[in-house]
Amino acid sequence: MKYLYRLYQIVVFIPILVVWTIIIALMVIIGCAIGNGHFWGYYPGKWWAWVIVRVLLLPVKVEGKEHLERNQSYVFVSNHQGAFDIFLIYGFLNRNFKWMMKYQIQKIPFVGAACKAAHHIMVDKRGPKKIKASYDQARKVLQDGMSLVVFPEGARTFTGHMAQFKRGAFALADELQLPVVPLTINGSFNVMPRTRDWHWVTWHPLRLTIHQPIYPIGEGSDNVQATMNDSYNAIMGSLVPEYQGYIENPDQ
């Protein structure tokens with residue numbers, strides 16, 4: 001069955017991935033240039049991710065959609081198991097948002113140009129000024145009523161386990177007094193861990209758990225720390241037992 005699935009990837013999935021990615025990237029670039037960037041900056045990307053997951057025949061289960069209120073801006077924070085975190089959140093969260101992503105994504109043909117056109121936030125850690133510019137852009141996104149998705153570990157796991165969270169996303173939520181929504185991803189590490197980037201996709205179910213929003217209990221460092229701790233515990237508590245427990249990530 002494993003080799004049959006690999007043959008399917010060569011014959012069916014890879015051609016669809018290439019063509020579909022180019023079509024969607026051009027749709028985003030042209031659509032955002034014409035107008036209504038909130039629509040063209042989100043929905044084509046959602047369709048792109050949804051189709052990729054479905055073509056790969058990966059089962060998806062989403063829990064907790066009822067926790068989200070319409071027209072409420074959120075800071076979503078998620079564990080970062082692997083590349084398929086992007087497809088799972090983009091395709092199945094069903095919430096218009098902007099990503100905070102590594103600036104190196106700009107170098108990916110078509111995808112990088114589409115992300116820039118959609119005004120996703122490129123996090124550049126090559127100096128304090130660049131970091132500040134990234135967070136200034138994120139602040140503006142939230143002030144405009146858009147939601148934001150952040151991987152507060154800052155890097156994908158090597159083991160499937162969670163590392164430490166960084167404070168940036170929680171400080172933004174505190175400053176603007178916005179609720180933080182933890183997201184737990186299960187299965188992405190099994191589908192394609194970072195140690196097997198650009199290798200075969202392994203068939204495995206995916207699960208996205210949307211936890212209850214964590215609203216501010218005040219303002220300042222105590223609220224930041226409390227929100228960060230509550231988010232970490234919520235995400236950790238919904239991981240499958242195999243990946244529960246902290247393991248340091250040397251890439252952080």
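Up top is the structure.
Quick caveat: nothing in here was measured; it's all calculated off a predicted structure. (Residues numbered from 1 in each chain as written. Predicted model: local features only at pLDDT ≥ 70, side-chain atom pairs only at ≥ 80, totals over all residues. Heavy atoms only, no water.)

Student: Could you clarify how one ought to interpret the pattern of salt bridges in this entry?
Tutor: Pairing between side chains of opposite charge can happen when the charged atoms of each approach one another. This structure, assessed with the given rule, holds eight salt bridges. The shortest N-O distance in the salt bridge between glutamate 63 and lysine 61 comes to 3.5 Å. Since its relative accessible area comes to 49%, lysine 61 is described here as partly exposed. The closest approach of N and O atoms between arginine 139 and glutamate 175, which form a salt bridge, is 2.7 Å. (Salt bridge = Lys/Arg side-chain N within 4 Å of Asp/Glu carboxyl O. Buried < 20%, exposed > 50% of the residue type's maximum accessible area, 1.4 Å probe, protein only.)

Student: Can you walk me through the packing of helix H6 (residues 128-143) against helix H7 (residues 168-176) in this structure?
Tutor: Packed helix pairs are characterised by how far apart their axes lie and by the angle those axes make with each other. Viewed as axis vectors pointing N to C, H6 and H7 meet at an angle of 45°, and their least axial separation amounts to 11 Å. Taken together, the axis directions place H6 and H7 in an arrangement best described as oblique. Judged by the twist between their axes, the crossing of H6 over H7 is right-handed. Along its contact with H6, which presents Tyr135, Ala138, Arg139, Leu142 and Gln143, the element H7 presents Gly168, Ala169, Leu172, Glu175 and Leu176. (Axes fitted to C-alpha atoms, helices over the stretch in contact; angles between N-to-C directions. Helix = DSSP H or I, 4+ residues; strand = E, 2+ residues; numbered from the N terminus. Parallel < 35°, antiparallel > 145°, perpendicular 65-115°, else oblique. Left-handed = near helix turned anticlockwise from the far one by under 90°. Contact = heavy atoms within 4.5 Å.)

Student: Could you clarify how one ought to interpret empty space enclosed by the protein in this entry?
Tutor: Which parts of space are left empty comes out when a probe the size of a water molecule is rolled across the atoms. Inspection of every chain in the model, using the stated rule, returns one cavity of 30 Å³ or more. Of the pockets and cavities examined, the largest cavity occupies roughly 40 Å³. Lining the largest cavity are Phe170, Ala173, Asp174, Leu178, Val180, Ile214, Pro216, Asn223 and Thr227. The set of elements that each furnish at least two residues to the lining of the largest cavity consists of H7 and helix H9 (221-237). (1 Å grid on protein atoms, 1.4 Å probe; cavity = no way out; pocket = protein on both sides within 12 Å on 5 of 7 lines; lining within 4 Å. Points joined across faces, edges and corners; volume = space filled by probe spheres on them.)

Student: Looking at this structure, I do not really get the environment of glycine 218. What am I missing?
Tutor: Tracing the sequence through the fold places glycine 218 in the loop between strand S7 (206-210) and H9. A relative accessible area of 31% means that glycine 218 is categorised as partly exposed. Spatially, the C-alpha atom of glycine 218 lies 28 Å from that of leucine 93, the residues being 125 residues apart in sequence. In this structure glycine 218 touches Asp174, Gln177 and Asn223, once residues within four positions along its chain are discounted.

Everything listed here is a matter of coordinates, which is why it stays silent on function.
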